[in-house]
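Observations on the three-dimensional arrangement
Given next are the chains, with one letter for each unit.
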Amino acid sequence: MPESPQILTNTSIVIVTYKRLELLEVLLNSIKANTLWPKRIYVVDNDASNEVGELAAKLEASMPGSTVSWVAMPSNTGGSGGFSKGVELAYQDGAEWIWLMDDDVVLLPEALEKLTPWMQQAEANNHLVIQGCRLNFDDSAFYWQYHFINKLGIPNPIAPSQFKKDELFKPMNTACFEGGLFNRKIVEQIGIPDPRFFIYWDDTIYGYLASKITQPILIRNMLMQRTRHIANIRLGSVRKLNSTSNMVRYYIMRNRGYMARYLQLYGDYHPLLWSIGTAATFAKEFIRLFITKEFKEGLPAIRKGMKDARIILKDPNWQPMPPLNV
């Protein structure tokens, strides 16, 4: 009988899932198939499905040395609430590194093994947030906008996608919860992710806050692949415009209110430039509506999101998530 993989005692994985049992099972199997195993896996289940609990228990039984915890949420808190809870639990359990991921990805072989040298050098180099590269479901390279234009509140659409020959990583000032790896020292200082976002922009802002303390990096190692097919339109050889839902459109616009509040903390909020960024975001969503012919339902969702964003921006009682080192 072959020996079990070595356990990374300093590393925990947090997965957020909601009614995608088949995709979740594929992800869990890919973790089990890796050459290294994390000490703990937290499966944060926004549907509180007993089937997910059974899947987690089955995985734990097949991974000696690793603990798999099923975290059944009392209600659907969205990806934001799920990651907030998962990071909190992993931090409380003493994890030094917390790797976040959605349920619609798989780990590529040796993903954790490829991450290990980066974790070992992270503190000396002040790289306490690490993001790996990903493949799309169709095996093409996934382009992720790793540079955030703070004053506009939008990702930089022309940040170079290719790594130079001798370039091992790219500095970034944001993050993505689809594969973002966070050191506990960052969580101590900026707190757990803000669950109020529900979905969208939560990871952008979490990475932004982290960038005020450390230098987050995008490493060239390919660590994950997306497994869920998403309809899209190609914009050149790498970039794509993905389809979305009216619910997502609402949160894209509403959560700019939360984004602006966090930018205000560091003097990065400028009303005029922010308005330009909002107009650019609206234009992008309008293009998606034009392509999908969903104006009747989509425009009201966008307008409501913009209205609610203004309410958040003017809320005198708003407070950021507190640090954990107080």
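In this report, we go over the structure that sits alongside the text.

Right, let's talk about the packing of helix H1 (residues 21-32) against helix H2 (residues 50-62) for a bit. Axis separation between H1 and H2 bottoms out at 11 Å; the angle between their running directions is 10°. As judged from the angle between their axes, H1 and H2 are roughly parallel. The way H1 lies across H2 gives a crossing that is right-handed. Along its contact with H1, which presents Leu21, Leu24, Glu25, Leu28 and Lys32, the element H2 presents Glu51, Val52, Leu55, Leu59 and Ser62. Of the residues belonging to the contact of H1 with H2, the class tally is six nonpolar, one polar and three charged.

Turning our eyes to something else, we now look at the nonpolar core. By size, the foremost hydrophobic cluster in this structure holds 96 residues, and its most contacted members are Ile15, Ile31, Ile41, Trp99, Met101 and Ile130. Residue contacts for Ile31: discarding those within four places in its chain leaves Ile13, Ile15, Leu36, Trp37, Pro38, Ile41, Met63 and Leu107.

Relative to the elements of secondary structure, Ser84 occurs in helix H3 (residues 78-92). Residue Ser84 is classed as buried on the basis of its relative accessible area, which comes to 5%. Leave out the neighbours within four places in its chain, and Ser84 touches Ile192, Pro193 and Pro195.

Reading the values: the criteria
Residues numbered from 1 in each chain as written. Predicted model: local features only at pLDDT ≥ 70, side-chain atom pairs only at ≥ 80, totals over all residues. Heavy atoms only, no water. Axes fitted to C-alpha atoms, helices over the stretch in contact; angles between N-to-C directions. Helix = DSSP H or I, 4+ residues; strand = E, 2+ residues; numbered from the N terminus. Parallel < 35°, antiparallel > 145°, perpendicular 65-115°, else oblique. Left-handed = near helix turned anticlockwise from the far one by under 90°. Contact = heavy atoms within 4.5 Å. Nonpolar A, V, L, I, M, F, W, Y, C, P; charged D, E, K, R; others polar. Core = buried A, V, L, I, M, F, W, Y, C linked by side-chain atoms within 4.5 Å. Buried < 20%, exposed > 50% of the residue type's maximum accessible area, 1.4 Å probe, protein only.

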